[in-house]
Every structure is written in structure tokens, then in C-alpha cells.
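Architecture and fold: a report
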Amino acid sequence: MTLSKRINELNESQTLAMARKSRELKAKGVHVINLSLGEPDFDTPDFIKEAAKKAIEDNYSHYSPVAGYLDLREAISEKFKRDNHLEYTPDEIVVSTGAKQSLINAIMCLVNPGDEVIIFTPYWVSYTSMVQLAEGVPVFVKAGVEQDFKPTADQIEAAISPRTKLLIFSSPCNPTGSVLTYEELSEIAEILRKYPHIYAISDEIYEHIVFEEKHISLASFSEIKDRVITVNGLSKGYAMTGWRIGYIGAPKRIAQACDKFQGQFTSGTCTISQRAAIAALKADPSEIGYMREAFYRRRNIVIDLLSEIPGFRLNLPKGAFYVFPDVSKLLGKHYMGNKISTTEDLCMYLLNHAHVSTVSGDAFGASNCIRISYAASENDLIDAISRIHEAVNKLKD
Ligand SMILES: Cc1ncc(COP(=O)(O)O)c(C=O)c1O
């Protein structure tokens with residue numbers, strides 16, 4: 001075999017078949033509404049773009065320090081204070097090529113082969129693959145719609161073994177939109193306090209897209225802060241997915257390890273993006289509030305309309321821009337002799353018959369759910385959900 005065991009064992013994106021079908025339909029002139037997107041449909045705000053243009057003019061065209069420019073790390077340090085009440089000095093911060101690289105850095109630096117990593121499930125797709133790349137063993141702690149997709153402290157504690165090294169979660173969560181409350185986070189902090197061999201990665205990339213709840217950082221529980229890696233970035237809150245800026249705040253020894261690891265892979269991320277990120281982070285967060293407000297309006301529209309569809313069970317997502325209906329009641333139904341056996345079948349059915357693309361929950365460790373992104377215009381959302389409703393009505397027992 002030519003390719004490594006590592007790559008052969010890595011999961012391929014499960015959305016490829018859907019993307020292909022979607023392209024085919026579009027090529028035929030069909031108006032496909034894409035509700036499978038994992039990124040804001042907004043463009044990057046102008047004041048951030050201006051900073052990038054200036055950086056080009058000012059010749060920011062050379063290598064930056066691996067961990068990012070000092071003044072960017074100072075701006076992140078200030079941001080942590082301002083938004084999260086966290087103290088991270090610039091040498092406890094590493095800027096990377098998207099939060100994705102921040103995550104793989106931290107996982108590669110902490111996980112030894114055979115170490116167990118507890119992943120709150122439903123999870124963001126890449127956590128599992130990253131743990132596997134580090135030859136760790138993912139341990140899934142599952143929570144369904146009936147518990148707002150949030151595992152209880154008892155469930156988490158029951159998954160702990162002497163081999164547990166790390167736990168990973170996102171709040172606000174992709175794919176469920178759930179947001180952990182202060183009380184829930186304090187229970188997680190209490191577990192970490194009780195088991196001093198365990199570290200936590202708190203992925204806070206959606207922190208600016210929170211509705212009724214307030215975003216709380218796990219690291220704000222000071223007694224466990226030295227075992228928490230806070231992951232964040234500009235992709236979601238600032239509509240900057242293509243700019244590739246993510247970062248961690250972590251204890252110095254872990255930040256130094258991530259710096260060393262990144263130094264052998266990619267070095268410092270794009271210098272123009274780093275200069276733009278300084279402008280973004282120094283601005284008052286109210287500058288980006290219009291996106292949160294739009295997502296909030298859309299969330300309400302989407303929840304109202306989806307809850308009228310028979311067979312859809314919903315939680316009320318308090319953040320991010322996804323809803324994650326449990327559709328298990330629809331599995332086993334038929335359309336013109338074809339059985340809908342899995343959520344992947346359902347997503348394909350919705351694409352073919354409603355011309356709406358969604359993502360099967362399998363990708364997120366929840367085979368009875370589908371993910372619907374509401375990073376789309378209100379008109380498209382209303383149209384898409386009425387098409388989904390109509391298609392679901394056509395399913396027969
Ligand atoms: C929960 C979560 N973490 C991390 C990322 C990666 O973000 P970035 O684009 O900054 O690499 C994503 C992107 O979809 C995400 O949803």
C-alpha cells in the first residue's frame with residue numbers, strides 16, 4: 001500500500017456526495033438553497049478590509065514570528081480581558097492558521113498514543129479525526145435533543161478513566177447551537193478539579209453569536225485555568241473564514257509547545273490577515289453586533305417554521321447559526337417505494353425533492369439528526385423550510 005495507515009484510516013468528508021449532487025442540480029438550472037454552510041453569509045466588515053489593504057501597502061510581506069506578531073498577541077490579551085475576564089499574557093497566546101490549526105496544535109502537543117479524549121457528542125466534525133491523527137482514543141459522551149444536546153456532569157464523570165487526558169467541547173456548539181451555562185461549566189470545572197490528570201480544550205469560536213445566554217469561558221474558573229486551552233478565532237464572529245486566523249490562550253508551557261509544533265508545520269499565519277485581525281479585535285464588539293442580531297432574527301424564524309414539521313424534534317439553539325433537529329421519527333418512512341433508512345437518505349431526499357441541502361448528523365456523531373445552517377437570507381430560509389415541510393408531508397409509512 002502506497003499511502004500511510006494514518007491517511008487511510010482518516011474519515012473522508014461525508015458531505016461530498018451531497019455537494020456533488022447539489023452541483024449537478026445547479027448545473028441543470030435548479031434553484032438549490034444551501035443550508036449546509038458552516039460559515040457566515042456576511043462579508044468581512046469594511047474597517048477590517050481597510051486594515052488589510054494598509055498592511056499590503058506597508059509591506060507586511062515577510063515572515064512573522066511563529067506565534068504571531070507581538071502587537072496582535074497583545075490585542076488578543078486585551079480581548080481576553082475585555083470579553084472573557086481572562087488574563088493571558090502574550091507569551092501564553094499562539095496565533096494559527098484558523099482555529100482548526102489551533103486545535104490540531106493543542107491535540108498533537110497533549111495527546112500520546114492510547115490516551116483517551118472525551119468528546120462531547122454531537123461534536124464538531126474534525127475533533128475525532130484530529131484525536132485519531134494523534135493516535136488518541138476518542139470517547140464519546142452523547143447527549144440527545146431531550147437534554148439540549150448537553151452531557152450531564154454524571155455522564156462526563158462516568159466516561160473518565162486513568163487513561164483520560166483531555167476533554168473537548170464547543171460552546172456555543174457546532175452543530176447543535178447549545179450554549180453551556182455558568183452552572184454547567186462550573187460542574188465541568190469541578191470535575192477537572194477532582195481529576196488533576198485531565199486537560200480541557202474549550203472551543204469558543206462562536207462566542208460572539210450568542211442569544212439569550214451569556215458566553216462564559218471555562219478558563220474563567222481560576223482553579224483549573226492552568227489545564228484549560230481556550231481556542232478562539234475570527235472566522236465566525238467577524239465573518240473572516242477565508243482569512244485563517246485562530247488562536248489559543250493557554251498555560252505558557254502548552255503555548256510554547258504549540259509554538260514549537262507550528263514552527264515545523266506552517267510557521268506564522270498570513271501577515272496581512274494578522275494585521276487585519278488587530279483592527280478587528282481592537283474595535284468595540286458592538287461593531288459586529290449586526291450579524292448576531294440577524295442570526296437571532298433568523299433563528300426565531302427557522303425555529304417557528306421547523307417546529308411545525310411533523311417528525312422534527314427541536315431544541316432551542318442559544319448560539320451559533322445551526323439547528324439540529326432530531327428526525328428519528330421520519331426514519332423508516334418511504335417515498336415512491338424508496339425507504340428513508342438513515343439521515344443521509346433523508347438529506348439526499350431533501351436535496352432531490354425540496355432542493356435544499358443540509359448535512360446528515362452522522363458527520364457529528366448523531367445519526368438521528370440533521371444539521372440546518374441558517375447562514376442564509378430570511379427569504380431563502382422561509383422558502384427552504386416550506387419546501388422541506390412539503391417534502392416531509394409526502395413521506396409515507
Ligand atoms: C466548532 C468549530 N471549531 C473550529 C472551527 C474551525 O474554525 P476556523 O475556520 O477558524 O479554522 C469551526 C469551523 O467550522 C467550528 O465550527
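Anything mentioned here points back to the structure above.
Right, let's walk through the structure included here.

What counts and how
- Residues numbered from 1 in each chain as written.
- Predicted model: local features only at pLDDT ≥ 70, side-chain atom pairs only at ≥ 80, totals over all residues.
- Heavy atoms only, no water.
- Pairing = 2+ DSSP bridges.
- Helix = DSSP H or I, 4+ residues; strand = E, 2+ residues; numbered from the N terminus.
- Axes fitted to C-alpha atoms, helices over the stretch in contact; angles between N-to-C directions.
- Contact = heavy atoms within 4.5 Å.
- Near = heavy atom within 4 Å.
- Polar contact = N/O pair within 3.5 Å; in protein donor to acceptor, adjacent residues only side chain to side chain.
- Areas by Shrake-Rupley, 256 points an atom, 1.4 Å probe, with all protein chains shown as cover.
- Nonpolar A, V, L, I, M, F, W, Y, C, P; charged D, E, K, R; others polar.
- Phe/Tyr/Trp six-rings, centres within 6.5 Å; stacked < 30°, edge-to-face > 60°.
- Buried < 20%, exposed > 50% of the residue type's maximum accessible area, 1.4 Å probe, protein only.
- 1 Å grid on protein atoms, 1.4 Å probe; cavity = no way out; pocket = protein on both sides within 12 Å on 5 of 7 lines; lining within 4 Å.
- Points joined across faces, edges and corners; volume = space filled by probe spheres on them.
- Core = buried A, V, L, I, M, F, W, Y, C linked by side-chain atoms within 4.5 Å.

Our next topic: the sheet that holds strand S6 (residues 199-203). The mixed open sheet is built from seven strands, whose spatial order is S2-S8-S7-S6-S5-S3-S4. For this open sheet the edge positions go to strand S2 (93-96) and strand S4 (137-142), each flanked by a neighbour on one side alone. Each strand axis lies, on average, 20° off the axis of its neighbour in the sheet, ignoring direction. As defined by bridge partners, strand S7 (residues 228-233) adjoins strand S8 (residues 246-249) across four bridges and the pair is classed as antiparallel. Considered in S8, the bridge of Gly233 is made with Gly246. Of the strands in this sheet, strand S3 (116-121), S4, strand S5 (164-170) and S6 touch helix H6 (residues 126-133), which is tilted by about 155° from S4. Running at roughly 170° to S5, helix H8 (residues 182-194) makes contact with S3, S5 and S6 of the sheet.

Inspection of the region around the ligand gives 14 residues, with Ala99, Asn174, Asp203, Ser235 and Lys236 positioned closest. Contact distances for the ligand include 2.8 Å between an oxygen atom and a backbone N or O atom of Ala99. Taking 390 Å² as the accessible area of the ligand by itself, protein coverage stands at 93%. Among the residues forming the shell around the ligand, the class breakdown is six nonpolar, four polar and four charged.

What follows covers the environment of Tyr296. Residue placement: Tyr296 occurs in helix H11 (residues 289-306). For the pair Tyr296 and Ile7, spaced 289 residues apart in the sequence, the C-alpha separation amounts to 39 Å. Once you skip the residues sitting within four places of it in the chain, Tyr296 turns out to touch Phe211 and Glu212.

On to the packing of aromatic side chains. Applying the stated criterion across every chain yields a total of 19 aromatic pairs. Ring centres of Phe42 and Tyr290 lie 6.0 Å apart, and the angle between their planes is 90°; this geometry places the pair in the edge-to-face category. Within this pair, whereas Phe42 is found in the loop between strand S1 (33-34) and helix H3 (46-57), its partner Tyr290 is found in helix H11, the two being separated by 248 residues in sequence. Centroid distance Phe324 to Phe364: 5.9 Å. Interplanar angle 85°. Geometry classified as edge-to-face. Highlighted residues: Phe324 in the loop between strand S9 (322-323) and strand S10 (334-335) and Phe364 in the loop between strand S13 (359-360) and strand S14 (370-373), separated in sequence by 40 residues. Phe364 matches Phe324 in its accessibility class, with the two residues each being buried.

Next up on the list: empty space enclosed by the protein. Taken as a whole and assessed by the stated rule, the structure comprises three cavities of 30 Å³ or more. Looking at the largest cavity, its volume works out to about 120 Å³. If you trace the largest cavity, you find 17 residues lining it, with Phe120, Phe149, Phe169, Ser170 and Cys173 closest to the centre. For the lining of the largest cavity, the elements supplying multiple residues, two or more each, are S3 and S5. Here the element with the most residues in the lining of the largest cavity is S5; it accounts for three residues. Here the lining of the largest cavity is composed, by residue class, of eleven nonpolar, five polar and one charged.

Strand pairing in a sheet relies on backbone hydrogen bonds. The paired strands run either parallel or antiparallel. Overall, antiparallel pairing links the three strands, which are arranged S9-S14-S13 in an open sheet. Two strands lie at the open edges of the sheet, namely S9 and S13, each paired on one side alone. In terms of strand pairing, S13 meets S14 through two bridges, oriented antiparallel. Paired with Ser360 across the two strands is Ile370, which belongs to S14.

Our focus in this paragraph is the nonpolar core. Burial of nonpolar side chains together is a common tendency in soluble globular proteins. Counting 119 residues, the largest nonpolar core has Leu167, Leu218 and Phe312 as its most contacted members. Those residues in contact with Leu218 that sit more than four places away from it in its chain are Phe169, Leu185, Ile188, Ala189, Leu192, Ala200, Ser202, Glu204, Ile224 and Val228. The next biggest cluster of nonpolar side chains, apart from the first, holds eight residues, and it includes Val145, Phe324, Val359 and Cys369.

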